[in-house]
Amino acid sequence: IVPPRLARVTWLNVWLNALVAVACAIGIVGTVVPVLPGALLCAGAILVWGVAEGGHAWWFTAIALLIVAIGAVLKYLIPGRHLKAGGVPSWVILIGGIAGIVGFFLIPVVGIFVGFVGGIYLAELIRLKSVADAWPTTVAAMKAAGISALIDLASAVFATAVWVAGVVALAVTT
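Residues numbered from 1 in each chain as written. Predicted model: local features only at pLDDT ≥ 70, side-chain atom pairs only at ≥ 80, totals over all residues. Heavy atoms only, no water.

Caption draft 1: Representation of helix H3 (residues 39-53) within the structure. Over its 15 residues, H3 extends 21 Å from the first C-alpha to the last, a length consistent with the 21 Å expected when each residue adds 1.5 Å. By the burial criterion, the buried members of H3 are Ala39, Cys42, Ala43, Ala45, Ile46, Trp49, Gly50 and Glu53. Along H3, the residues classed as buried sweep out an arc of 170° about the axis, all on the same side. Away from its buried face by more than 90 degrees, H3 exposes Leu40, Val48, Val51 and Ala52. Immediately downstream of H3, the backbone of Gly54 shows phi near 65°, a positive value. (Helix = DSSP H or I, 4+ residues; strand = E, 2+ residues; numbered from the N terminus. Expected span 1.5 Å × (residues − 1). Buried < 20%, exposed > 50% of the residue type's maximum accessible area, 1.4 Å probe, protein only. Arc of directions from axis to C-beta.)

Caption draft 2: Structural view of helix H5 (residues 90-106). With 17 residues, H5 should reach 24 Å at 1.5 Å per residue; the first-to-last C-alpha distance of 24 Å fits that figure. Listing the buried residues of H5 in full gives Val92, Gly96, Gly100 and Gly103. When H5 is viewed along its axis, its buried side chains cluster within an angular range of 85° and face the same direction. Of the exposed residues in H5, those oriented more than 90 degrees away from the buried face are Leu94, Ile101 and Phe105. The secondary structure elements touched by the buried residues of H5 are helix H6 (111-128). (Contact = heavy atoms within 4.5 Å.)

Here it is, written out as structure tokens:
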């Protein structure tokens, strides 16, 4: 006789949880390595888990998706304010963004960061005509890029932690 608590565990549950765990691990690594998908992969995997599990899993899914959504907004809002406070004009940020996109395709893994920071530096060098004057805004851009990556990483990790809590809670209460 199978205890009632273990009766609900099926191979589908085991495989689904394993696949979501792998997707979340790839998503967490992807927040640091730009070639891989990041927090959105975690959110998508957790959403699939919530749909498949149903019931109370939706509470955990909703909380995890909310965390990723808030992180997605904050990863642009906070660094943008940091750049503005550092005296970086909007058009320089735009040049940095375009250079980041180009860098993404030219230099594997780190190209987006190198392109963004390099684009900011070159735009500021052209604008201010001095290496010494362009460097402080470049440092502000590097800090902003780091803050953005940390916010994305935190949202992926916290969303995954909520999912793990959901898996454990559903396993214990069923």
